[in-house]
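Topology and contacts: notes
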Amino acid sequence: MIDVSTQSARPDVDREELEFDVLFVGGGPSNLAALWRLLDVIEARKLEGLTIGLIEKGDEIGDHAFSGAVLDPSALEELCPDYLERGFPSEGLVGEEEVWLLTSERGGFKFPFTPPYFRNHGHPVVSLSRMVRWMAAEIEKREIPGVDVMLLPGFSGIQVLWEDAPDGSRRVAGVQTADKGVNADGTKRANFEPGNRLRAKVTVFGEGPRGHLARELEEVLGLQAEAVNPQVYEMGVKEIWEVPEGRVSPGFVLHSTGWPLEGGESGGSFVYGLSGNRVAVGYDISLDTADPFADAHLALQKFKTHIRIAPLLEGGKLVQYGGKALAIGGWHSLPRLAFPGGLLVGDAAQMVNAARLKGIHLGMKGGLCAAEAIGEALATGDFSEASLGRYPKAYLESWAGRELRETRNFHQVVAHGLTPWAGLRLGLGLLSGGWVPGDPLKSEVDAAGTETVERFYGKAGLKRDDVATGVKFDGEKLIPKLDDVYQSGVMHDEHQPCHLKIVNGDEVCVACWETKGSPCTVFCPAQVYEMHPDEQGKVRKVEIAFSNCVHCKTCDIKCPEQNVIWTPPEGGGGPKYTLC
Ligand SMILES: Cc1cc2nc3c(=O)[nH]c(=O)nc-3n(C[C@H](O)[C@H](O)[C@H](O)COP(=O)(O)OP(=O)(O)OC[C@H]3O[C@@H](n4cnc5c(N)ncnc54)[C@H](O)[C@@H]3O)c2cc1C
């Protein structure tokens, strides 16, 4: 199990125990939809005497919310049919849509029609950060007699609490939050605040991609055992620009693939027109890429130089930046969704349609189905796995399950780019409801795919600067990584222990530098990892600027040696997204 002893598992600390009926971990759209619907169920069934809590590691709900995003409103309409009248923060409804296959900085062609997966006409473009703030505010307005609802931002769940069942099996009993005010050596500071033990009859884990607690659940319960594929991911970065009035209409949508990706990986761009003369411009790269120097941030900077894109941003200025992993495994990577004492929802359960680059509606639908099952458990007092098992059954049989099933092989088909053979199989999958020859197509963990520099570039000893050429950062249009990171508003108390754990020693990182050129120093969208030679010209350790970390989790996923574990820092630290 992951050792978090420098953070919270300390025998010298008295911890408060708080009892909840239901505890949600993570204040993303999946869990907020679940909490909102649960309150509907509680009200409809006139249940009383309940305490419900939600913890979120961001200082405020929304601070760590990061997405594209065009929202498929299916789940939101089920949750709140009059969302537009209730002040939902839509950035604009999708009107004009363009899909491009780019071939070079000046080349490419626009599809004469919008391919099926990219059809978003009439859907809202959103800032996920603004959207979840709105959801939290709507939840806070609710007053239900006999029901206490606590939204608790600023608290990181650091460990799962376990109970032993009489048959020797283990049951989730809640979550412990991280201590605050701890020095790097583990000693307490004057502002020390112990983490609490939050006990609950049901805990809903909606931590987003690569959850730290979900990792512990997997280690103890083996939730992935029956899935065809492991959990797999993309990573995406985006910049928000303010541009001259009238340049990009709210609701404008452009997607592209192809250039500047050159390493046979899958990925692509998105450009979304927002309200207030703002535009989101982003880039995603699939993390199973073999290229040790794959870098979504660099791809985004190159993409901005394309002749279709550069004029959109001309005369504008960068106002926010962020990065995050995105779960893309879908149907074949779904873990067990219900287990004794707990449920998994959203990206934490790979509920994303990689073909459409959309997970918000699928995670929210997970929340809705989870809430119905929890409501039933609260009403009957039956919290057994069989009772909570109503949730996966309802989800898998719903439109969300169908959508995931029909795109179950998409990522595997395009994993090495949009080749003609991939295009043929995509067409077949569309016609057959997801079947392609070889179904189910297998994938492996993303970290396993990274090649050595010698094998990928045909020459040993190359370093990233030898291959990353062609972008002239000027700080105005083409933004160096660290300047971008500044725009994420990221902040951590620098006295605390580093939350990025090197598990098998620096020697592993040094060996990786020699053979694979230290991919972490490249893929990290916040330049957290650096390798510097000492006075003897030898690289001996990895340097970690953890205070820059935007909590994207890519290092935990893609470190080729699996030598990094991302753990939640003390609550309140991290990015400060307001427009992402
Ligand atoms: C670049 C990019 C573009 C995307 N574009 C789109 C799009 O256009 N449309 C679309 O539908 N989807 C899109 N997605 C996917 C979408 O953002 C996700 O599917 C969705 O956000 C998942 O919601 P969630 O609630 O499951 O998780 P998240 O949104 O990740 O929320 C999880 C929350 O839990 C908190 N948390 C995590 N661990 C802990 C802990 N231990 N303790 C306390 N709090 C914790 C986090 O801080 C976070 O606030 C995109 C994703 C990316 C990265």
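Nothing here was measured: the structure is a model prediction, and the numbers come from that model.

Describing the overall build of the protein chain
A count of helical and extended segments in the protein chain gives 18 helices and 23 strands. Taking 2.2 N^0.38 as the reference for a compact globule, 580 residues should give roughly 25 Å; the C-alpha atoms of the protein chain span a radius of gyration of 23 Å, in line with that estimate. The buried share among the 580 residues of the protein chain stands at 60%. Residue pairs at least 24 apart in sequence account for 78% of intrachain contacts in the protein chain once pairs closer than 6 positions are excluded. Just so you have it, the protein chain exposes about 22,300 Å², and 51% of that area is on carbon and sulfur atoms. Here the protein chain contributes 58 positively and 81 negatively charged side chains, and the mean placements of these two sets differ by 3 Å.

A short note on the packing of aromatic side chains
Under the defined criterion, the tally for this structure stands at twelve aromatic pairs. Consider the rings of Tyr117 and Phe410, whose centres lie 5.5 Å apart with planes at 80 degrees: the pair is edge-to-face. One end of the pair, Tyr117, is in the loop between strand E5 (108-110) and strand E6 (124-126); the other, Phe410, is in helix H11 (residues 410-414), and 293 residues separate them in sequence. When its relative accessible area of 15% is taken as the criterion, Tyr117 is described as buried.

A short note on helix H16 (residues 506-516)
Taken together, the buried positions of H16 are occupied by Cys509, Val510, Cys512, Trp513 and Lys516. Looking straight down H16, one finds that the buried residues subtend no more than 165 degrees of arc, so they occupy a single side. On the buried face of H16, the contacting elements are helix H13 (453-457), strand E20 (500-502), strand E21 (529-533) and strand E22 (539-544). Looking one or two residues beyond H16, the residue adopting positive phi is Gly517, at roughly 70 degrees.

Considering the state of the cysteines
Tallied over the entire structure, the rule returns zero disulfides. We note that Cys498 lacks a disulfide partner, and the nearest cysteine sulfur, in Cys549, lies 8.8 Å from it.

Looking at the nonpolar core
With 81 residues, the main nonpolar core has Trp241, Val271, Phe303, Leu500 and Tyr529 as its most contacted residues. The leading source of residues in this core is strand E17 (residues 317-327), at six residues. Contacts of Val271, omitting those with residues within four sequence positions, involve Phe252, Val253, Leu254, Val279, Ala280, Val281, Phe303, Ile309 and Leu312. With 80 residues, the next largest nonpolar core counts Leu32, Leu35, Leu343 and Met351 among its residues.

Some details on the pattern of salt bridges
For the structure on display, the rule yields 37 salt bridges. The partner of Asp556 in a salt bridge is Arg210, and the shortest N-O contact between them spans 2.7 Å. With Asp556 in helix H18 (residues 554-558) and Arg210 in the loop between strand E12 (197-205) and helix H4 (212-221), this pair connects stretches of sequence that are 346 residues apart. On the accessibility criterion, Asp556 (2% relative accessible area) is buried.

Description of the pairing of E17
Note on strand geometry: in a regular strand, side chains alternate between the two faces of the sheet. Taken across its eleven residues, E17 has nine buried, putting it largely inside the fold. Note: strand E13 (residues 233-242) against E17, ten bridges, orientation antiparallel. Paired with Ile240 across the strands is Gln320, a residue of E17.

Comments concerning the sheet that holds E17
Whenever strands of a sheet pair, they do so through backbone hydrogen bonds, lying parallel or antiparallel. With respect to topology, seven strands assemble into an open sheet ordered E5-E4-E14-E15-E16-E13-E17, the strand pairing being mixed. This sheet does not close on itself; its edge strands, each paired only once, are E5 and E17. Along the sheet, successive strands turn relative to each other by an average axial angle of 15 degrees, direction set aside. Where helix H5 (residues 296-303) meets the sheet, its contacts fall on strand E4 (97-102), E13, strand E14 (253-258), strand E15 (267-273), strand E16 (278-286) and E17, and the angle it forms with E16 comes to roughly 130 degrees.

What to know about the site of the ligand
Around the ligand sit 37 residues in total, of which Glu56, Ser67, Val70, Lys324 and Asp347 are the nearest. Contact between the ligand and Glu207: a nitrogen atom at 3.2 Å from a side-chain N or O atom of the residue. Burial of the ligand by the protein chains amounts to 98% of its free accessible area of 1,000 Å². Listed by contribution, the elements that provide at least two residues to the shell around the ligand are helix H1 (29-44), E15 and E17. For the shell around the ligand, the leading source of residues is E17, giving three residues.

Rules behind the numbers
- Residues numbered from 1 in each chain as written.
- Predicted model: local features only at pLDDT ≥ 70, side-chain atom pairs only at ≥ 80, totals over all residues.
- Heavy atoms only, no water.
- Helix = DSSP H or I, 4+ residues; strand = E, 2+ residues; numbered from the N terminus.
- Rg over C-alpha atoms; globule rule 2.2 N^0.38 Å.
- Buried < 20%, exposed > 50% of the residue type's maximum accessible area, 1.4 Å probe, protein only.
- Contact = heavy atoms within 4.5 Å.
- Areas by Shrake-Rupley, 256 points an atom, 1.4 Å probe, with all protein chains shown as cover.
- Lys, Arg positive; Asp, Glu negative; His and termini not counted.
- Charge placed at Lys NZ, Arg CZ, Asp CG, Glu CD.
- Phe/Tyr/Trp six-rings, centres within 6.5 Å; stacked < 30°, edge-to-face > 60°.
- Arc of directions from axis to C-beta.
- Disulfide = S-S within 2.5 Å.
- Core = buried A, V, L, I, M, F, W, Y, C linked by side-chain atoms within 4.5 Å.
- Salt bridge = Lys/Arg side-chain N within 4 Å of Asp/Glu carboxyl O.
- Pairing = 2+ DSSP bridges.
- Axes fitted to C-alpha atoms, helices over the stretch in contact; angles between N-to-C directions.
- Near = heavy atom within 4 Å.
- Polar contact = N/O pair within 3.5 Å; in protein donor to acceptor, adjacent residues only side chain to side chain.

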